[in-house]
Amino acid sequence: MTVKSENVKLFTEKAELVSAVVSEVSSLAEAYQYTIDLCGKKEACKLLVSGCEEGLSDKADALCETKIGKTIAAPSLNKKQFSALEKQCVDNGFQLLKDGLRKHLGGIDIGFTFADHGIAETGTIVLNSRSEELRIATMISEVHVAVLPKSKIVADSYALESYMEECMRKADYTAFITGPSRTADIERVLAIGVHGPLELHILLLEDK
Amino acid sequence: MQDAKSFKEYKGQVREALGDEFLRTAMDNFAIAYRTSRANAFKDIDDKALIKDIADAKACSTANMDELYAQFKEEAEKNGAVVHLAADAQEANEIIARIAKDENCTKIVKSKSMTAEETLLNHHLEAENLEVVETDLGEWIIQLRDEGPSHMVMPAIHLSRHQVSDTFTDATGKKQDADIQKLVKVARRELRQKFTEADMGVSGCNFAIAETGTIGIVTNEGNARLVTTLPRVHVALMGLDKLTPKLHDALRVLRALPRNATGQAITSYVTWITGTNECAVAEGDKKKVHFVFLDNGRRALAKDPMFSQVLQCVRCGACANVCPVYRMVGGHKMGHIYIGAIGLILTYFFHGTDKAKNLVQNCINCGACKEICAGGIDLPGLIKEIHARIQDEEGHPLSSALLGKMMKNRKLFHKFLRIAKYAQKPVAGNDGFLRHLPMIFAPDHDFRSLPVVAEVPFRDMWPKVKPVKIADPKYKVAIFSGCVQDFVYPEQSVATVESMRGKGVELEYPMDQSCCGLPLQMMGEKVAGRDVAIQNMEAFEKSDCEYILTMCASCASHLKHNYPKMLGHDPKYAIRVQEFADKVIDYSSFMNDVVGIDEDDFRQTKGEKVTYHAPCHLCRGLDVKAAPRELMVKAGLEYVECAEEEVCCGFGGTYSVKFPKISEQLLSKKMDNVEATRADVLLTDCPGCVMQLRGGANKNGLDLEVKHVAELIAERRK
């Protein structure tokens, strides 16, 4: 697939409009490094997940206690990729998870994923999440880091019709994700991160 | 949730809502911000064309509802889901409760579903000893407060941060700040804990794609993703109107839905689910998935030639966002469960005449909702139709029936107006306003001064003001004055005649014309309205005019659009009424676009500083936007744009008689905006608006003249 620079430009502009952080990386190694740096910086002094500092009911508070240490989940990495990232995590004292995310519903710091497509018109990433672990990683993480190859960015959602229809021939769970989780339900004031990630980082990968 | 027993009780509730300062400010801010964000969101899209495509596709789905359901069921079940069809709300609730029992579920997390609100699902499940927690932030807040939604997309828009903070203090047992960001985080943690222990998730659905048996869910918070992922059982409840043949149809609606709802290009999440997916806590690692479709009258509605379009609604809530009445009174007074213009209609079909009969009267017919409806539904038209149906079912109120009887007979009606001239004598002031109102109106109607009936109606002046016949006219025009310009403001009609002097316009005034019939439609008097339409059509058929000119925007849009709707299906009238309607034109368009009057036709002196009020039935009803503004500039007037120029002035004909308090508030807002322009004259294209605006200016002691555009054009002519 070829990279259409106008799609990349529009994608970046539209994703940034909805508070996604868009960066370019030239290799997977660079994407790992980005993720490690981000995890290191994330609320450096505290290991809590967001909201745990507020006055909570006892049950909700107890769930906060389940989180220990900084955690990254990367369910869709293959063995080789996983060991590469895991080595860096160990060096930094982070935990890297591939599965068993249901044991971490209290929250994890970063979910690391590969997006299947990007939609330029709306700055949306498309993530086929048939794997339950992958799905959960993108929902319970405080920060979602998605690697998106530039060649996978299409102009609009119509351009993905045949891809999606192919997915939908059997049991399937496909997500359009545009920016972090948001709400305006109280006095129409925008608040980020009501249920899902508080930050969405999209790493545009230079196609080789 | 609006459930007043009588019209009087309903009006009392409306009055109470008008006094809610927080609500009023919140609604005002929202209405103004929404307009800008919607415009930005549609900047690069032809919204009219998109809406037409959506409406056509939805109409097609509606016509094939049963086939689509069969196809969806077959495809979804191939992939392991179980598909149910519930005939009514009770059955849907029972199906869902039974699924919970069969699957041994006790704790349910729910993401937003208007359909579940429609069936009052939570009450049913709770009565079956099941715990149900709403996880959409707004829905959770109103669930904790035991309230209904006040907006389809923002269910808790009526509440302040302080109220939410109190509610959360009760829910958590810890004192909460009134800091929105913190409150949102509290909800995140409290609800996350609920997710961890839930065994069943109930969601709504925005699209049900028949070709693959896939559902699509549109959300911002991401709670629907958790609801459909973490528990071992997933139940999606949806109306049959969500069925659509292909993914493409869903993607098309998705282009308009978030843009229309909140001004977003797309929501944070759109989730597409097909069949049974992986679920580690379920038997055999496969989630149990049930899709429950709700009929509840939808299949019958789909076969109704007039109302099937109701099923084109995509639940964006935009009809509430732009409704001037919703803005005044909020969702709890503007809907039973479904809110806004579509809510008034759906209440009748889903929750019955009793819940709908008061609500359907609270539409001012400004057309703001119709203009932006993503499903292309004629909302105000259908609301009037339901009002008429309810009156036919339950009997017509005396006042409305009398009006119908009188107006059907032009001579009797005009005689009444002539008598009014004498009857008003004791209260008529010298300034053209009634000094005080006859007792039947007072005191709610005292917010504006009402005009006196003119000494001589325009029809009697006609022989004198009629222009001399010209040999070779360029345009043959017949005037339709409407009642107000005939009997109250004949000077506006005279000015119209004057303003086209020397431009080759041959004018006539067919004497058999009567009221256009719009007030009858507003009152639900359909039969009388139709009779009047035929009389008017026949009155103008005697003339060989090319144009039927009317200076009243409301008359013009009624003649042009509603006459063909009323008579067009009758073969006796179909062609005739279309010919009649095609000739109808408003004053500004005629002068600016047809006659093509230009700068040279006007005096070269500097004109007054003017501002403009765009009548609803001109800017939306006839889609005339540029003509009056260009005309004012050509005439050498210093035109200053007014804020919210296209928002209703609150007149609405008989509406202002029924809901004077709402009319008053709309007028007061309009007056504030006009005053801020510091213009000397306020111009508009409708005598009804002139009546309302002049009455407001007079009552508020503003140093402001209010005139019909024609009056100033006539004055400025060379």
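Scroll up to find the structure this text is about.
Residues numbered from 1 in each chain as written. Chains lettered and ligands numbered in written order. Predicted model: local features only at pLDDT ≥ 70, side-chain atom pairs only at ≥ 80, totals over all residues. Heavy atoms only, no water.

Caption draft 1: Geometry of the overall build of chain B. Each helix and strand counted, chain B has 35 helices and 18 strands in total. For 718 residues, the compact-globule estimate of 2.2 N^0.38 gives 27 Å, and the C-alpha radius of gyration of chain B, at 28 Å, lies within 12% of that figure. With respect to the principal axes defined by its C-alpha atoms, chain B has extents near 90 × 60 × 50 Å. By the burial criterion, 64% of the 718 residues in chain B qualify as buried. Long-range contacts, defined as pairs at least 24 residues apart, comprise 78% of the intrachain contacts of chain B with a sequence gap of at least 6. (Helix = DSSP H or I, 4+ residues; strand = E, 2+ residues; numbered from the N terminus. Rg over C-alpha atoms; globule rule 2.2 N^0.38 Å. Buried < 20%, exposed > 50% of the residue type's maximum accessible area, 1.4 Å probe, protein only. Contact = heavy atoms within 4.5 Å.)

Caption draft 2: Molecular detail of the overall build of chain A. What chain A contains, in helices and strands, is six helices and twelve strands. Along the first, second and third principal axes, the C-alpha atoms of chain A reach 50 × 45 × 35 Å. Expressed as a percentage of the 208 residues in chain A, the buried residues total 58%. For chain A, the share of sequence-separated contacts (at least 6 apart) that also reach a separation of at least 24 residues comes to 77%.

Caption draft 3: Focus on the state of the cysteines. Across all of its chains, the model carries one disulfide over all chains by this definition. With its sulfur 1.9 Å from that of its partner, A:Cys52 forms a disulfide with A:Cys64. Every disulfide takes its handedness from the sign of the S-S torsion; for A:Cys52 and A:Cys64 that torsion is -85°, giving left-handed. With A:Cys52 in the loop between helix 2 (28-41) and helix 3 (58-64) and A:Cys64 in helix 3, this residue pair connects regions lying twelve residues apart in the sequence. Here B:Cys279 stays free of any disulfide, with the sulfur of B:Cys105 as its closest cysteine sulfur at 11 Å. Counting only cysteine sulfurs, B:Cys369 is the nearest neighbor of B:Cys363, a cysteine outside any disulfide, at a range of 6.2 Å. (Disulfide = S-S within 2.5 Å.)

Caption draft 4: Representation of the environment of B:Gln424. All names here are of chain B. With respect to the helices and strands, the residue Gln424 is situated in the loop between helix 21 (410-423) and helix 22 (458-465). Each C-alpha atom of the pair Gln424 and Arg435 lies 9.8 Å from the other, and the pair is eleven residues apart in sequence. Apart from the residues within four sequence positions on either side, Gln424 is in contact with Leu434, Val452 and Val453.

Caption draft 5: Broad picture of unusual backbone geometry. Residue and element names in this part refer to chain B. Not every positive phi belongs to a glycine, and Asn296 is a case in point at roughly 50°. Its place among the elements puts Asn296 in the loop between strand 10 (288-294) and helix 13 (298-302). Judged by relative accessible area, which is 14%, Asn296 ranks as buried. With a phi angle near 50°, Glu644 is a residue other than glycine that sits in the positive phi range.

Caption draft 6: Structural detail: the sheet that holds strand 11 (residues 475-479) of chain B. Residue and element names in this part refer to chain B. An order of 12-11-13-14 is seen for the four strands of this open sheet, with the pairing classed as parallel. Of all the strands in the sheet, just strand 12 (505-508) and strand 14 (584-586) have a single pairing partner and so form its edges. The mean inter-strand angle of the sheet, taken between neighbouring strand axes irrespective of direction, is 35°. (Pairing = 2+ DSSP bridges. Axes fitted to C-alpha atoms, helices over the stretch in contact; angles between N-to-C directions.)

Caption draft 7: Spatial organisation of the packing of helix 26 (residues 526-541) of chain B against helix 28 (residues 574-583) of chain B. Residues and elements named next belong to chain B. Where helix 26 meets helix 28, the axes come as close as 10 Å, and the angle between the chain directions of the two elements is 70°. Taken together, the axes of helix 26 and helix 28 lie roughly perpendicular to each other. Between helix 26 and helix 28, the contacting residues are Asn536, Met537, Glu538, Phe540 and Glu541 on the first element and Arg576, Val577 and Phe580 on the second. For the contact of helix 26 with helix 28, the class distribution of residues is four nonpolar, one polar and three charged. (Parallel < 35°, antiparallel > 145°, perpendicular 65-115°, else oblique. Nonpolar A, V, L, I, M, F, W, Y, C, P; charged D, E, K, R; others polar.)

Caption draft 8: Local environment of the interface of chain B and chain A. With 77 residues of chain B at the contact, the number on the chain A side is 65 residues. For the pair chain B and chain A, the two sides together bury roughly 6,100 Å², of which 54% comes from carbon and sulfur. Of all residues in chain B, B:Arg188, B:Arg189 and B:Arg225 bury the most surface against chain A, accounting for 13% of the area lost on that side. The tally of links between chain B and chain A comes to six salt bridges. Here A:Glu121 ties to B:Arg255 by a salt bridge, and the two come within 2.9 Å at their closest N and O atoms. Summed over the shared surface of chain B and chain A, the result is 39 residue pairs in polar contact (both at pLDDT 80 or more). Secondary structure elements with two or more residues in the side of chain B that touches chain A: helix 2 (21-41), helix 8 (137-144), helix 9 (161-172), helix 10 (180-197), helix 11 (223-229), helix 12 (247-262) and strand 9 (269-274) of chain B. Looking at the side of chain B that touches chain A residue by residue, the classes come out as 33 nonpolar, 26 polar and 18 charged. Where strand 9 (residues 172-177) of chain A meets strand 9 of chain B, six bridges bridge the pair, whose relative direction is antiparallel. (Buried area = accessible area lost by both parts, 1.4 Å probe. Salt bridge = Lys/Arg side-chain N within 4 Å of Asp/Glu carboxyl O. Polar contact = N/O pair within 3.5 Å; in protein donor to acceptor, adjacent residues only side chain to side chain.)

Caption draft 9: Structural view of the environment of B:Cys648. Residues and elements named next belong to chain B. Looking at the element boundaries, Cys648 is found in the loop between strand 16 (638-639) and helix 32 (655-658). According to the relative accessible area criterion, Cys648 is buried, its value standing at 6%. The spacing of Cys648 and Asn321 is 327 residues in sequence and 14 Å in space, taken between C-alpha atoms. Excluding its chain neighbours within four sequence positions, the residues that come into contact with Cys648 are Pro324, Ile364, Cys366, His613, Cys616, Arg620, Leu666 and Lys670.

Caption draft 10: Structural view of the pairing of strand 17 (residues 681-684) of chain B. Residue and element names in this part refer to chain B. Burial along strand 17 is two-sided: the face carrying Val681 and Leu683 and the face carrying Leu682 and Thr684 are both buried. Pairing between strand 15 (residues 609-613) and strand 17: four bridges, direction parallel. Across the sheet, the residue bridging to Tyr612 is Leu683, located in strand 17. Pairing of strand 17 with strand 18 (residues 705-708), which is carried by four bridges, proceeds in the parallel orientation. Note on strand 18: the bridge partner recorded for Val681 is Glu705. Traced from strand 17 through helix 34 (residues 687-699) to strand 18, the parallel crossover comes out right-handed. (Right-handed = clockwise from strand over helix to strand, strands pointing away.)

Caption draft 11: Representation of the packing of aromatic side chains in the model. All chains considered together, the criterion is met by 23 aromatic pairs over all chains. Between the aromatic rings of A:Phe112 and A:Phe114, the centroid separation amounts to 5.8 Å while the plane-to-plane angle is 80°, which identifies the pairing as edge-to-face. A residue is classified by how much of its surface remains accessible, and A:Phe112, at 0% relative accessible area, is buried. With a relative accessible area of 24%, A:Phe114 lands in the partly exposed category. Look at B:Phe207 and B:Trp272: their rings are 5.9 Å apart centre to centre, the planes differ by 15°, and that puts the pair in the stacked class. Taken together, the residues span a long stretch of sequence, with B:Phe207 in strand 5 (residues 207-209) and B:Trp272 in strand 9 at a distance of 65 residues. A relative accessible area of 4% means that B:Phe207 is categorised as buried. (Phe/Tyr/Trp six-rings, centres within 6.5 Å; stacked < 30°, edge-to-face > 60°.)

Caption draft 12: Quick peek at the pattern of salt bridges. All names here are of chain B. Going through the model one piece at a time under the given rule, you end up with 62 salt bridges over all chains. Between Lys542 and Asp512 there is a salt bridge whose closest N-O contact spans 2.9 Å. Of this pair, Lys542 sits in the loop between helix 26 and strand 13 (547-550) while Asp512 is found in the loop between strand 12 and helix 25 (518-522), placing the two residues 30 residues apart along the sequence. A relative accessible area of 64% means that Lys542 is categorised as exposed. Ionic pairing is found between Arg530 and Asp570, a salt bridge with its closest N-O pair at 3.1 Å. Here Arg530 is found in helix 26, whereas its partner Asp570 is found in the loop between helix 27 (553-567) and helix 28, with 40 residues between them in sequence. On the basis of relative accessible area, Arg530 is assigned to the partly exposed category, the value being 27%. The structure contains a network of salt bridges with shared partners spanning Asp28, Arg35, Arg327, Glu644 and Lys669.

Caption draft 13: Structural view of the sheet that holds strand 12 (residues 199-205) of chain A. Residues and elements named next belong to chain A. In space, the six strands of this open sheet follow the order 1-12-7-4-2-3, with parallel pairing throughout. Two strands close off the open sheet at either side, each with one partner strand: strand 1 (21-25) and strand 3 (95-97). Averaged over all adjacent pairs, the angle separating strand axes in this sheet is 20°, with direction ignored. On the sheet, helix 2 packs against strand 1, strand 2 (71-73), strand 4 (108-114), strand 7 (141-149) and strand 12 and is oriented at approximately 165° with respect to strand 4.

Caption draft 14: Region of the structure containing the pairing of strand 10 of chain B. Residue and element names in this part refer to chain B. Of all seven residues in strand 10, six are buried, a share of seventy percent or more. The pairing of strand 1 (residues 82-86) with strand 10 spans five bridges and is parallel. Across the sheet, the residue bridging to Val83 is Phe291, located in strand 10. Looking at chain direction, strand 7 (residues 233-239) and strand 10 are connected through seven bridges and run parallel.

Caption draft 15: Representation of helix 16 (residues 340-351) of chain B in the model. Residues and elements named next belong to chain B. Within helix 16, ten of the twelve residues are buried, which leaves the element mostly enclosed by the surrounding structure. Among all positions in helix 16, only Gly340, Ala341, Ile342, Gly343, Leu344, Ile345, Leu346, Thr347, Tyr348 and Phe350 are buried. In this structure, the buried side of helix 16 is in contact with helix 6 (114-119), helix 13, helix 14 (318-321), helix 17 (353-356), helix 18 (368-372) and helix 19 (379-394).

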